[in-house]
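# Notes for the structure review
Here is what each chain is made of, one letter per residue.
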Amino acid sequence: MSRLIAAFLALLPLLATAAGFTTLDQSRRALSQPMPGLDEGQRERFAQGRNLFNQMWVIAPSLDAKVDGLGPLYNRLSCAACHPDNGRGRAPDGPDQKMRSMLVRLSLPGVGPHGGTNPHPTYGDQLNEQGIPGVPGEGQAEVSYTDLPVLLGDGTTVILRQPHLTLKSPGYGPFDGILISPRIGPALTGMGLLEAVPETEILAWADPDDTNGDGISGRPNFVWDAQAQRSTLGRFGLKANVPSLRQQIAGAFVGDMGITSPLFPAENCTPAQSTCAAAPSGGKPELSTEQLDAITFYLQTLAVPERRGDDLPQVHHGEMLFHQAGCAACHRPQLHTTPNTQLAQLAGRLIAPYTDLLLHDLGALLADGRPDFQASGSEWRTAPLWGIGLAETVGDQVGYLHDGRARTLLEAILWHGGEAAPSREAVRTMGSTERTALLAFLRAL
């Protein structure tokens, strides 16, 4: 039996289980396709959720009470503004550019309600740059960069850009002592499938004290579940600080657009923001249970891009290098979903998200110094890699890592430190042929 046939047969189990949740679309709309096999009712629900995702929300009161309630404080008018075509956002290239698909988390040192971040008494937990008429925005954030050259093994020099974020024009008093963490909008690929991975499978990979001595820890982040009213495993958010897709969506609605929901019924105004508290509301809550369910279903059932290039030797070589460099220790190629989900498209699947959904220390250069539940200031959840090869097809100009500082996949790798430093060094010291193959593999995901 030839090696080619053997390799194909080895892939058959994965291909069989991938049917039902993937798409072959490689266009700009590659991350916006519904999973195959949705019935007519599900497709209507998907379309309803898609419309809400793209909806430009308006100030209350309006002629359409179903889509009003923007603000009083907010960052953007729609979900799609930070996740264009469900893809990645980007960071400003300098202080003269505004943040369009990026936001800034805020907190004070210490522990807040339920063990999470400690919100600022005046500014809360997120900088809202915009306010509706009569409500001042909270301030502006500016990003500047200094160059950080990195010499590769073949003599090539890559210039990384080290970001510096400054808060300006405070609307409600000084920003003194505040902790900040800039975040770009991540791609929304396969979130329903990630939610269906059993907790036991995620915890099986955890090794918080590195007892096996491989230099890789992997820590779960147990966070507050606002719906269940208890602490549970976090799996969404850049620090795995959100337990469920529904809470992730409801949190973004209230934090980014000032839209209340059944999960977060209070407006995003602090006691010190009197004009915010006195502003008109679009309803109690502004996003109905039906609307929240629809947009949750939409993001649960977005198809995952099919992996490409399986017939290309360069891609196979790159995949081998990916494993040899140790990248797969955190970016785990395969996970299983539980058979016990209501949606057949999500149940009992072998998926290839390239994440372990755990926290890892990525070193001082990537640290934001802002703890979040059990996540330290230098720990981040392993970013899923599926679909990442289409990021620059879906978006005009995208960024990588939590704050978009990396303009290319290679830059993103070179920023890895902490327990990922050996993998970074393996890539940095590769020859150009090997490095090109590795990047070809990533672009095939």
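Procedures and definitions
- Residues numbered from 1 in each chain as written.
- Predicted model: local features only at pLDDT ≥ 70, side-chain atom pairs only at ≥ 80, totals over all residues.
- Heavy atoms only, no water.
- Helix = DSSP H or I, 4+ residues; strand = E, 2+ residues; numbered from the N terminus.
- Rg over C-alpha atoms; globule rule 2.2 N^0.38 Å.
- Buried < 20%, exposed > 50% of the residue type's maximum accessible area, 1.4 Å probe, protein only.
- Areas by Shrake-Rupley, 256 points an atom, 1.4 Å probe, with all protein chains shown as cover.
- Lys, Arg positive; Asp, Glu negative; His and termini not counted.
- Charge placed at Lys NZ, Arg CZ, Asp CG, Glu CD.
- Salt bridge = Lys/Arg side-chain N within 4 Å of Asp/Glu carboxyl O.
- Expected span 1.5 Å × (residues − 1).
- Contact = heavy atoms within 4.5 Å.
- Polar contact = N/O pair within 3.5 Å; in protein donor to acceptor, adjacent residues only side chain to side chain.
- Phe/Tyr/Trp six-rings, centres within 6.5 Å; stacked < 30°, edge-to-face > 60°.
- Lys NZ or Arg CZ within 6 Å of the ring centre and 35° of its normal.
- UniProt positions renumbered as here; feature names shortened; annotations may be inferred.
- Axes fitted to C-alpha atoms, helices over the stretch in contact; angles between N-to-C directions.
- Parallel < 35°, antiparallel > 145°, perpendicular 65-115°, else oblique.
- Nonpolar A, V, L, I, M, F, W, Y, C, P; charged D, E, K, R; others polar.
- Disulfide = S-S within 2.5 Å.

Under an unreviewed UniProt entry, the name given to the chain is Cytochrome c domain-containing protein, and the source organism is Thioploca ingrica.

## Some remarks on the overall build of the chain
Helix and strand counts for the chain stand at twelve helices and 15 strands. The globule rule puts the C-alpha radius of gyration for 445 residues at 22 Å, and the 22 Å found for the chain is close to it. The principal-axis extents of the C-alpha atoms in the chain amount to approximately 75 × 55 × 40 Å. A buried classification covers 54% of the 445 residues belonging to the chain. About 18900 Å² of surface is accessible on the chain, with carbon and sulfur atoms providing 56% of the total. Within the chain, one finds 34 positive and 45 negative side-chain charges whose respective centroids are separated by 3 Å.

## So, the pattern of salt bridges
Per the counting criterion, the structure on display carries 18 salt bridges. Put simply, Arg29 and Asp85 hold a salt bridge, and the shortest N to O gap is 2.8 Å. In this pair, Arg29 sits in the loop between β1 (22-23) and α2 (40-54) while Asp85 sits in the loop between β2 (73-74) and β3 (102-111), placing the two residues 56 residues apart along the sequence. Residue classification places Asp85 among the partly exposed positions, given a relative accessible area of 21%. Connected through salt bridges with shared partners, the residues Arg28, Arg29, Asp85 and Asp396 form a single ionic network.

## Focus on helix α7 (residues 289-300)
In this model, α7 (twelve residues) spans 16 Å end to end at C-alpha, consistent with the 16 Å of a helix rising 1.5 Å per residue. Burial analysis of α7 places nine of its twelve residues in the buried class, which makes it a mostly covered element. Buried within α7 we find Gln291, Leu292, Ala294, Ile295, Thr296, Phe297, Tyr298, Leu299 and Gln300. In the core, the buried residues of α7 are packed alongside α2, α3 (191-195) and α5 (245-256).

## What to know about the side chain of Asp403
Looking at the secondary structure, you find Asp403 in the loop between α9 (391-394) and α10 (409-414). Residue class for Asp403 comes out buried when judged on its relative accessible area of 4%. Here His402 takes part through its side chain, which lies 3.5 Å from a polar atom of the side chain of Asp403. Setting aside its immediate chain neighbours within four residues, Asp403 contacts Ala91, Met102, Pro163, Pro182 and Ile184.

## Some remarks on the packing of aromatic side chains
With the rule as written, the count across this model stands at eight aromatic pairs. Taken together, a centroid distance of 5.7 Å and an interplanar angle of 90 degrees make the contact between Trp57 and Phe253 edge-to-face. Of the two residues, Trp57 is situated in the loop between α2 and β2 and Phe253 in helix α5; the sequence distance between them amounts to 196 residues. The same class applies to Trp57 as to Phe253, namely buried. With a centroid separation of 5.8 Å and 80 degrees between ring planes, the pair formed by Phe322 and Tyr354 is classed as edge-to-face. Within this pair, whereas Phe322 is found in helix α8 (residues 313-324), its partner Tyr354 is found in the loop between β13 (350-351) and β14 (359-361), the two being separated by 32 residues in sequence. Of the two residues, Phe322 and Tyr354, neither departs from the other in class, the shared state being buried. Taken together through their ring pairs, the aromatic side chains of Phe46, Phe53 and Tyr298 make up a single cluster. Over the aromatic face of Trp415 sits the side chain of Arg405, whose NZ or CZ is 4.4 Å from the ring centroid.

## A word on the UniProt feature "domain: Cytochrome c" (unreviewed entry) in the chain
Listed under "domain: Cytochrome c" (unreviewed entry) in the UniProt record, and renumbered for this structure, are residues 44-303 and 313-405. Counted over residues 44-303, helix gives 20% and strand 21%. Its end C-alpha atoms are 16 Å apart. Between the first and last C-alpha atoms of residues 313-405 the distance is 31 Å; the span itself is 17% helix and 11% strand.

## Focus: the packing of α2 against α7
For any two helices packed against each other, one specifies the inter-axial angle together with the distance between the axes. Two numbers describe how α2 lies on α7: the axes approach to 7 Å, and their chain directions differ by 100 degrees. Classified by the angle between their axes, α2 and α7 sit roughly perpendicular to one another. The residues of α7 that touch α2, namely those facing Gln42, Arg45, Phe46, Gln48, Gly49, Arg50, Leu52 and Phe53, are Glu290, Gln291, Asp293, Ala294, Ile295, Phe297, Tyr298 and Leu299. A breakdown of the residues in the contact of α2 with α7 according to their chemical character gives eight nonpolar, four polar and four charged.

## Concerning the state of the cysteines
One pass over the full model with this rule turns up one disulfide. The side chain of Cys269 participates in a disulfide bridge whose partner is Cys276; the two sulfur atoms lie 2.0 Å from each other. Because the sign of the S-S torsion sets the handedness, a value of about -70 degrees for the bond joining Cys269 and Cys276 places this disulfide among the left-handed ones. You can call Cys276 buried: its relative accessible area is 1%. Between Cys82, a cysteine without a disulfide, and Cys79, which holds the nearest cysteine sulfur, the sulfur-to-sulfur distance is 8.9 Å. Using a relative accessible area of 8% as the deciding quantity, one classes Cys82 as buried.

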